[in-house]
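# Close look at the chain arrangement
Given next are the chains, with one letter for each unit.
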Amino acid sequence: MGKRAQRNRLVQCYLCRHRFEVGARAMTVSCPECHKPLLVQDVVVKTLQAVKKLQTCGSLVVQKKGRVIADLVEAHGGIEVIGTLHAKSVRGSRVRITRTANWKGDCHASSVQIEPGATVEGGYFHVPDRELGVEDLLET
Amino acid sequence: MAESTATVIGPDTVIKGELTFNSKAKLLGTVEGEIHAKGDFEVAEGATCKASIDASKVVIDGLVEGNVTASDRVELSAKAQLRGDLVAQKLVVSEGASFTGHCKIGTGATSNGTSAEVKPQAKGEPARATTGAKK
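Residue numbers here run from 1 along each chain, matching the order of that chain's written sequence. Think of it this way: whatever chain is written first is A, whatever ligand is written first is 1, and the rest follow in order. Since the coordinates come from a predicted model, pLDDT governs what is reported: local features require at least 70, and pairs of side-chain atoms require 80 or more to be given and counted, while whole-chain, interface and lining totals use all residues. Values shown for side chains rest on all heavy atoms present in the structure; no hydrogens or waters enter the calculation.

### Let's talk about the packing of aromatic side chains
Here is the rule: rings of Phe, Tyr and Trp (six-membered ring for Trp) pair when centre to centre is within 6.5 Å. Planes less than 30 degrees apart are stacked, more than 60 are edge-to-face, and the remainder are tilted. Using the criterion set out here, one finds three aromatic pairs over all chains in the structure. Residues A:F125 and B:F99 carry aromatic rings whose centres are separated by 5.5 Å and whose planes lie at 25° to one another, so their mutual orientation is stacked. Separated into two different chains, A:F125 in strand β13 (residues 119–127) and B:F99 in strand β11 (residues 98–105) make up a pair that spans both. Buried means the residue's accessible area, taken with a 1.4 Å probe over protein chains only, is under 20% of the maximum for its type, while exposed means over 50%, and partly exposed covers the values in between. Since its relative accessible area comes to 1%, B:F99 is described here as buried. Secondary structure is summarised from DSSP: a helix means a run of H or I of at least four residues, a strand means a run of E of at least two, and numbering begins at the N terminus for each.

Listed below in structure tokens is the structure:
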């Protein structure tokens, strides 16, 4: 029982910013504050994903052949881009843009890491963005 | 051996105006104005650069307030603070670096148009984001 309690993780609702604990293996939960359904699992994009919003309390990985086209991308657990990410606004804790990545859009993150060779097409970068308030989530 | 001589601006130096370097340069003090360097330009830790920088390679460890244009690459270390727009062929950002401004990176970034394409609003001030700001 003690072990299970330790595996809980702290997440922050991406709609109302309320913080609460969820099980380590939880995929979706309802926010106890705003009662909205939330995605808390890690998302891996392997192919084209054209959506309006892609939001999760977990992490997002855009793989080499993955392509995300969205208005808003938000992943509190961190974002790693190996393929293509085109979005109007991207919000995350730690953002890693690898050498093969193609990035287009604004970036609001607590930290960003860009490897040489990455293509970044005219985005507005705000790093660190303390308004998100997610930088301490990764430390817990 | 003598080719690698670099111009070093000391830590207790304040320069206002336009600076042009024909080779490597390293900033340890404070500069306000414009910087043009044919070689590498380094802003060391603790240095303050309130100027637009135009060089082949720019390494930032300190504070830069101004637009940066590099024909080759820009490196932001973990302690770097950049407030301004950035145009370069390659960008390396270490985790922990602070960066506020527009960014255009890639092979075509410096060839067609330089920082004019990023359209900075004011000198030393990064342009505001326009995408997704409509309400």
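That covers the picture; the talk isn't over yet.
### Some thoughts on the interface of chain A and chain B
Across the contact, 21 residues belong to chain A and 23 residues belong to chain B. Of the roughly 1700 Å² buried where chain A meets chain B, counting both sides, 53% is carbon and sulfur surface. Buried area, as used here, totals the accessible surface that two parts lose on assembly, with accessibility defined by a 1.4 Å probe and the loss added over both. On the chain A side of the contact with chain B, A:I114, A:Y124 and A:F125 bury the most area, a combined 32% of that side's loss. A pairing counts as a salt bridge when a side-chain nitrogen of Lys or Arg comes within 4 Å of a carboxyl oxygen of Asp or Glu. Our count for the chain A to chain B interface comes out at one salt bridge. The salt bridge partner of A:R94 is B:E95, with a shortest N-O separation of 3.1 Å. By the criterion applied in these results, polar contacts are pairs of N or O atoms within 3.5 Å in which, for protein atoms, one can donate a hydrogen and the other can accept it, and in which residues neighboring in sequence qualify only through two side-chain atoms. Seen at the junction of chain A and chain B, the total is seven residue pairs in polar contact (both at pLDDT 80 or more). When checking whether two residues touch, look at their non-hydrogen atoms; a contact exists if any pair is within 4.5 Å.

### A closer look at the domain arrangement of chain A
Residues and elements named next belong to chain A. Where each domain begins and ends is defined by an automated method or by a domain database. Per the domain assignment, the segments making up chain A are domain 1 (1–39) and domain 2 (42–127). Every contact between the two is made by eight residues of domain 1 and, on the other side, eight residues of domain 2. Considering only the surface of domain 1 that becomes buried against domain 2, Y14, R17 and L39 emerge as the three largest contributors, covering 67% of it. The tally of links between domain 1 and domain 2 comes to one salt bridge. For E74, the salt bridge goes to R17, with nearest N and O atoms at 3.0 Å. Summed over the shared surface of domain 1 and domain 2, the number is four residue pairs in polar contact (both at pLDDT 80 or more). Amino acids are sorted into nonpolar (Ala, Val, Leu, Ile, Met, Phe, Trp, Tyr, Cys and Pro), charged (Asp, Glu, Lys and Arg) and polar (every other residue, Gly among them). For the side of domain 1 that touches domain 2, the per-class residue count stands at five nonpolar, one polar and two charged.

### So, the confidence of the model for chain B
All names here are of chain B. The predictor attaches a confidence to each residue, called pLDDT, with possible values from 0 through 100. Per-chain confidence: chain B averages 83 in pLDDT, with 79% of residues scoring 70 or above. Scored below 50 in pLDDT, residues 120–125 makes 10 contacts in the model with residues more than four places away or belonging to other chains. Per-residue pLDDT stays below 50 along residues 127–135; that stretch engages in 15 contacts with residues further than four places along the chain or on separate chains. Per the prediction output, this complex has pTM 0.82; the corresponding ipTM is 0.80.

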